[in-house]
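This is what each chain is made of:
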Amino acid sequence: MGCNNLKMFTPIASEHAMKPHNYGPLSKFDGHARITGPCGDTMEFWVAVREGKLERVAFITDGCGSSRACGSMATTLAEGMRIEKAASLRQRDVLDALGDHFPEEHCALLAANTLKAACEDARQHREEATTCTTCAKQCAASTPKKGESDRDFTNRQKLQSRLCRIRHKIVVLSGKGGVGKSTVAVNLAMALTLMGKKVGLLDVDIHGPSIPTMLGLEDKTIGGDKDGILPISLGGLKVMSVGFLLKSQDDAVIWRGPMKMNVIRQFLQDVDWGDLDCLIIDSPPGTGDEPLSVCKLIGNLDGAVIVTTPQKVAVVDVRKSITFCRKLQVPILGVVENMNGFVCPKCGEVTRILSAGGGKRIAEDMEVPFLGSIPIDPMIAEACDSGQVFIQSYAASSTAKIMRTIIEPIALLVEGEAPHDAV
Ligand code: ADP
């Protein structure tokens, strides 16, 4: 770890150490890099480029005083510079700017190297952008990445060409199974469809693909044409699920790691979604390889909705889901607390079956939006089992009203207005 003894620093170095400039990630950026130096300190840089110059540069570090001073000085020097020049800033430049005999030279090297890597990342993205065959925008990759095989490159191009026709992509996550993630995904997708939006619902919950049952599509099989695999249409909603590939609901899905990844990739890349306003992705639960593949393959997700139940054990997993999103820079649209109390259908009295309020507390604690709580409602389970969508079939119920309120910020996002506080 770096030096924390500010007495050894020049006044300018201690100012940068104590009040680092440009500290914290950029929400919109063109290049990003993260490097851990031999001393164990990690630095992360973000650069936003405009007309060939670094319009904004930001960094974070888990190191102490000297790391902060070097990161802060490197961002200060680089801001406003042409990208090529910023990429060639050296350790010496950072040290000279911090004043005489800066004690921790390796921190300056780490800052210069991380800045350089972020600039290179931005340049690579710029070079990659070329006209896409499907939307005629600058979104498809034109050149293979270093070491990328022809096949991987063709697949990547295919994936980008599909995804660029989908305006908004939202993933529904949960720390574990059985908390109502698919229920939220289905009702969200249907609510947006009922608003007149073109919506896709992709179920990649490999171990428990419940969406065919929830939508009464269990007997459907998928086909394809020259443009790819055709999703099943349900009114205006296009649906694709791992479940359509299984001969019977009882078929255990015993695919191994790489096969699972291939299925997820194939669903994103080969399904002919056409033009969509929004794709809702029902992700496998947890924070393992499968949700990671979903988030990485899609790349520019609008955000994640995290579903939990209110009790402590489930809430512990939410913390992991939030950290997972933050690491992958997926904006968190909010936490939904499901099964929060049972509302008696006869007298309306609320009985707390699971302990209450855990989802709200964790959202407050981790400073992410809380979207609301859905009570346990036997009609939800009944709707799911009978292939009806609750928010549509029980539209007049008080629980459906609660669901609509929860969905409202996401509907605003799809309408084109950013949710007020996605983080
Ligand atoms: P997950 O996708 O997290 O595994 P599901 O959405 O499949 O969870 O929900 C599991 C079961 O719980 C389903 O049978 C569903 O109908 C039921 N369920 C979900 N939310 C509620 C609720 N608020 N009230 C009653 N039943 C619910």
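Look a little higher up for the structure.
Asker: Can you break down the packing of aromatic side chains residue by residue, with the values?
Answerer: In the structure shown here, the tally under the stated rule is three aromatic pairs. Ring geometry for Phe390 against Tyr394: centres 5.4 Å apart, planes inclined by 20°, an arrangement best described as stacked. The burial state of Phe390 is the same as that of Tyr394; both residues are buried. An aromatic cluster is present here, built from Tyr23, Phe45 and Phe59 joined pairwise through their rings.

Asker: Any details on the sheet that holds strand β2 (residues 42–50)? Residues and values, ideally.
Answerer: The three strands are arranged β1-β2-β3 in an open sheet whose pairing can be described as antiparallel. What marks the edges here is a single partner per strand, and that holds for β1 (31–36) and β3 (53–61). Neighbour-to-neighbour, the strand axes of this sheet turn through a mean angle of 15°, independent of strand direction. Sheet strands in contact with helix α2 (residues 65–78) are β2 and β3, and its direction is about 175° off that of β3.

Asker: I'd like a description of the pattern of salt bridges, backed by residues and values.
Answerer: Taken as a whole and judged by the stated rule, the model has 15 salt bridges. Of the charged contacts in the structure, one is a salt bridge between Lys158 and Asp270, with a shortest N-O distance of 3.5 Å. In this pair, Lys158 is assigned in helix α6 (residues 150–163) and Asp270 in helix α9 (residues 257–270), connecting sequence segments 112 residues apart. When its relative accessible area of 40% is taken as the criterion, Lys158 is described as partly exposed. For Asp270, a relative accessible area of 14% gives the class buried.

Asker: Lay out unusual backbone geometry with the relevant residues and their values.
Answerer: Phi at Glu51 is positive, roughly 45°, even though this residue is not glycine. Within the chain, Glu367 stands out as a residue other than glycine whose phi angle is a positive 55°. Note on placement: Glu367 falls in the loop between α12 (358–365) and β16 (370–376). Residue Glu367 is classed as exposed on the basis of its relative accessible area of 64%.

Asker: How would you explain the site of the ligand if you had to name every residue and give the values?
Answerer: Near the ligand, the surroundings consist of 18 residues, among which Gly178, Lys181, Ser182, Thr183 and Asn338 are the closest. Note that a nitrogen atom of the ligand is positioned 2.9 Å from one of the side-chain N or O atoms of Asn338. Separating a nitrogen atom of the ligand from a backbone N or O atom of Asp377 is a distance of 3.0 Å. Considered on its own, the ligand offers 560 Å² of accessible surface; in the complex 81% of this is hidden by protein. Tallied by class, residues from the shell around the ligand come to nine nonpolar, seven polar and two charged.

Asker: Would you mind going over the pairing of strand β13 (residues 303–308) in detail, with residue names and values included?
Answerer: Here β13 lies mainly inside the structure; six of its six residues are buried. Of the two faces of β13, the one carrying Gly303, Val305 and Val307 and the one carrying Ala304, Ile306 and Thr308 are both buried. Where strand β6 (residues 166–174) and β13 come together, five bridges link them in parallel fashion. Within β13, the position partnered with Val172 by the bridge is Val305. Pairing between β13 and strand β14 (residues 332–343): five bridges, direction parallel.

Asker: Go over the packing of α2 against helix α4 (residues 91–98) with me, naming the residues and quoting the values.
Answerer: Between α2 and α4, whose axes approach to 9 Å, the crossing angle comes to 100°. Regarding the angle of α2 to α4, the classification is roughly perpendicular. Contacts between α2 and α4 involve Ala69, Cys70, Met73, Ala74 and Leu77 from the first element and Asp93, Val94, Ala97 and Leu98 from the second. Grouping the amino acids of the contact of α2 with α4 by side-chain chemistry returns eight nonpolar, no polar and one charged.

Asker: Which residues make up helix α7 (residues 181–194), and what are the values?
Answerer: Its 14 residues give α7 an end-to-end C-alpha distance of 20 Å, which sits within 8% of 20 Å, the value for a rise of 1.5 Å per residue. A large share of α7 lies buried, amounting to 13 of its 14 residues. Of the residues trailing α7, Gly196 is marked for its positive phi of about 95°.

Analysis parameters
- Residues numbered from 1 in each chain as written.
- Predicted model: local features only at pLDDT ≥ 70, side-chain atom pairs only at ≥ 80, totals over all residues.
- Heavy atoms only, no water.
- Phe/Tyr/Trp six-rings, centres within 6.5 Å; stacked < 30°, edge-to-face > 60°.
- Buried < 20%, exposed > 50% of the residue type's maximum accessible area, 1.4 Å probe, protein only.
- Pairing = 2+ DSSP bridges.
- Helix = DSSP H or I, 4+ residues; strand = E, 2+ residues; numbered from the N terminus.
- Axes fitted to C-alpha atoms, helices over the stretch in contact; angles between N-to-C directions.
- Contact = heavy atoms within 4.5 Å.
- Salt bridge = Lys/Arg side-chain N within 4 Å of Asp/Glu carboxyl O.
- Near = heavy atom within 4 Å.
- Polar contact = N/O pair within 3.5 Å; in protein donor to acceptor, adjacent residues only side chain to side chain.
- Areas by Shrake-Rupley, 256 points an atom, 1.4 Å probe, with all protein chains shown as cover.
- Nonpolar A, V, L, I, M, F, W, Y, C, P; charged D, E, K, R; others polar.
- Parallel < 35°, antiparallel > 145°, perpendicular 65-115°, else oblique.
- Expected span 1.5 Å × (residues − 1).

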